[in-house]
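Results of the structural survey
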Amino acid sequence: MIELPSTDSPAKGALIVLHGWGANQHDLVPFVQNLGLKGTHSFFPDGLFDVPGTGGVGRGWFSFPLNENSERERMKSREMLFSLVNDVQKKGFTPKEIVLVGFSQGAGMCLDVMLHLKTPIGAVVALSGFLMDGEKVKSREDLPTETPIFAAHGLYDPILPLKQSKKTLHTLKESGFSLTWKEYPIAHEISYDETGDICVFLKNVFGTK
């Protein structure tokens, strides 16, 4: 796992950053560096599972397209990320000082973990992602709705169509979450304008300038 310690001491917040399917722990390091956030300690775990056809470099949080192993793998990834959140707390961060950030499948995992943690965290940033088990979310009465969510998607995403993503993410808004939803004229990627909006959101979460 890659870590980027805070440039300020002590750190005021922690980011746990989850890459997309077929990428790895290195993929989103430049994105976080471009955020230019002071006072944050960032953690970049690798997905647990090899993605076929990537020469052993690409990792995933569960098999895709979905198959008989996907659900079991997702539960294993969830447990690993629960453990990581716990480890980050042991480094001195409260749950409210921890933000999960993810892209694509990583965004889906961030939302999945947030919804099943025993203690609410500070926020979730879900980029070009999706919500899993939306019908189960609708039926729950114990949702951590105090956790704000920033979700964004490209208008021209050929991998995960905007309409599909928007529909699943807005289930959270309908369930009582504070959802900041943004759309950008991009494909399956992160844009400069998107990075700026995320930075503003995170500064509000962490109470920094």
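Computed from a prediction, not measured in an experiment: that's the story for all the values here.

Brief notes about the overall build of the chain
The helix and strand inventory of the chain stands at six helices and nine strands. Relative to the globule expectation of 17 Å for 209 residues, the C-alpha radius of gyration of the chain, 16 Å, shows essentially globular dimensions. A total of 209 residues make up the chain; the buried ones form 52% of that total. Sequence separation of at least 24 residues holds for 74% of the intrachain contacts in the chain that already meet a minimum separation of 6. Side-chain charges in the chain split into 21 positive and 24 negative, and the spacing between the mean points of these groups amounts to 4 Å.

Digging into the state of the cysteines
A full pass over the atoms with the stated rule returns zero disulfides. In this structure Cys 110 is not part of a disulfide, and its nearest cysteine sulfur, from Cys 199, lies 18 Å away. Owing to a relative accessible area of 11%, Cys 199 belongs among the buried residues under this scheme.

Some points on the packing of aromatic side chains
Applying the stated criterion across every chain, the model contains two aromatic pairs. Seen from their ring centres, Trp 21 and Phe 64 are 5.7 Å apart, and the 70 degrees between their planes marks the pair as edge-to-face. With Trp 21 in the loop between β2 (13-18) and α1 (29-35) and Phe 64 in the loop between β5 (59-60) and α2 (70-90), the pair connects residues that are 43 residues apart, well separated along the chain. For the ring pair Phe 150 and Phe 201, a centre distance of 5.5 Å and an interplane angle of 50 degrees mean the geometry is tilted. Here Phe 150, found in strand β8 (residues 149-154), pairs with Phe 201, found in helix α6 (residues 192-206); they are 51 residues apart in sequence, far enough to count as distant. For Phe 201, a relative accessible area of 11% translates into the label buried.

Quick word on the nonpolar core
Membership of the largest hydrophobic core comes to 36 residues, with the highest contact counts inside it found for Ile 16, Leu 100, Leu 111, Met 114, Val 124, Ile 149 and Leu 172. Of all the secondary structure elements, the ones that give two or more residues to this core are β2, α2, β6 (98-103), α3 (105-116), β7 (123-127), β8, α5 (162-174) and β9 (179-184). Among the elements that line this core, the one with the most residues is α3, at seven residues. Those residues within four positions of Ile 149 in sequence are excluded, and the remaining contacts are Leu 111, Met 114, Val 124, Leu 172, Phe 177, Ser 178, Leu 179, Thr 180 and Phe 201. Counting residues in each nonpolar core, the second largest holds 25 residues, with Leu 28, Leu 37, Val 125 and Phe 150 among its members.

Quick look at the sheet that holds strand β1 (residues 2-4)
The mixed open sheet is built from seven strands, whose spatial order is β1-β3-β2-β6-β7-β8-β9. Edge positions in the open sheet fall to β1 and β9, since each of these has one partner strand only. Averaged over all neighbouring strand pairs, the angle between strand axes comes to 15 degrees, with direction disregarded. Here five bridges tie β6 to β7, and the two strands are oriented parallel to one another. Counted as the bridge partner of Val 101 is Val 125 from β7. Together, β2, β3 (40-44) and β6 form the strand contacts of α2, whose direction differs from that of β2 by roughly 160 degrees. Sitting on the sheet, α5 touches β8 and β9, and the angle it makes with β9 is about 165 degrees.

Some thoughts on the environment of Leu 131
Take Leu 131: it is sitting in the loop between β7 and α4 (134-139). Accessibility expressed as a relative area gives 8% for Leu 131, which makes it buried. Distance in space between the C-alpha atoms of Leu 131 and Ala 107 is 8.3 Å, their sequence separation being 24 residues. Not counting residues up to four positions away in its chain, the partners in contact with Leu 131 are Leu 111, Leu 115, Val 137, Thr 168, Leu 169, Thr 171 and Leu 172.

Calculation rules
Residues numbered from 1 in each chain as written. Predicted model: local features only at pLDDT ≥ 70, side-chain atom pairs only at ≥ 80, totals over all residues. Heavy atoms only, no water. Helix = DSSP H or I, 4+ residues; strand = E, 2+ residues; numbered from the N terminus. Rg over C-alpha atoms; globule rule 2.2 N^0.38 Å. Buried < 20%, exposed > 50% of the residue type's maximum accessible area, 1.4 Å probe, protein only. Contact = heavy atoms within 4.5 Å. Lys, Arg positive; Asp, Glu negative; His and termini not counted. Charge placed at Lys NZ, Arg CZ, Asp CG, Glu CD. Disulfide = S-S within 2.5 Å. Phe/Tyr/Trp six-rings, centres within 6.5 Å; stacked < 30°, edge-to-face > 60°. Core = buried A, V, L, I, M, F, W, Y, C linked by side-chain atoms within 4.5 Å. Pairing = 2+ DSSP bridges. Axes fitted to C-alpha atoms, helices over the stretch in contact; angles between N-to-C directions.

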